[in-house]
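Chains, contacts and geometry: an overview
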Amino acid sequence: MNIEIASSQMESLGNPTRLRIYRTLVRAGFDGLPVGGLQQRLEIPASTLSHHCRKLIDAGLVTQERNGTTLICRANYKAMSALIGYLADECCADGRCEDVETAAVA
């Protein structure tokens, strides 16, 4: 992963509404959620959901698939894993890491 992709993905997750959408889709698993179901769970207007989903799709974090008349949204787990890996790959490469248990408490 390059820094431009990571930056774009982090920027898209930096919005509270988009982060809520993404976390909801991550929790939904591979089956994802229909747009209507996602809208109901998050209690946001359809136009707002559409706008924020587009940003997540453009960043490569979410996919959409049409199933008949239903539009299914899914978290892109491969992209999520790549971003997490990018952030953690060089953890403490230039210094000592904080103890994991100590960091979890903070």
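Reference entry: report on the structure contained in this document. (Residues numbered from 1 in each chain as written. Predicted model: local features only at pLDDT ≥ 70, side-chain atom pairs only at ≥ 80, totals over all residues. Heavy atoms only, no water.)

A few words now on the overall build of the chain. Secondary structure assignment for the chain yields six helices and three strands. Its helices and strands taken in sequence order, the chain reads α-α-β-α-α-β-β-α-α from the N to the C terminus. The C-alpha extent of the chain, read off along each of the three principal axes, is 55 × 30 × 20 Å. The buried share of the chain, reckoned over its 106 residues, is 27%. Partitioning the contacts of the chain with sequence separation of at least 6, the portion at a separation of at least 24 is 59%. (Helix = DSSP H or I, 4+ residues; strand = E, 2+ residues; numbered from the N terminus. Buried < 20%, exposed > 50% of the residue type's maximum accessible area, 1.4 Å probe, protein only. Contact = heavy atoms within 4.5 Å.)

Pairing geometry for strand β1 (residues 33-34) and strand β3 (residues 70-75), over two bridges, is antiparallel. In the strand pairing of β3, Pro-34 is matched with Ile-72. Where strand β2 (residues 62-67) lies against β3, six bridges are found, and the strand directions are antiparallel. Each residue of the ladder has a partner; that of Gln-64, found in β3, is Cys-73. (Pairing = 2+ DSSP bridges.)

Angle between the axes and distance between the axes are the two parameters that describe a pair of packed helices. Where helix α2 (residues 16-28) meets helix α4 (residues 46-58), the closest approach of the two axes is 10 Å, and the angle between their N-to-C directions is 75°. When the interaxial angle is binned, α2 and α4 end up roughly perpendicular. Only Leu-49, His-51, His-52, Cys-53, Lys-55 and Leu-56 of α4 make contact with α2, whose side of the interface consists of Thr-17, Arg-18, Ile-21 and Tyr-22. Along the lines of polarity and charge, the residues of the contact of α2 with α4 split into five nonpolar, three polar and two charged. (Axes fitted to C-alpha atoms, helices over the stretch in contact; angles between N-to-C directions. Parallel < 35°, antiparallel > 145°, perpendicular 65-115°, else oblique. Nonpolar A, V, L, I, M, F, W, Y, C, P; charged D, E, K, R; others polar.)

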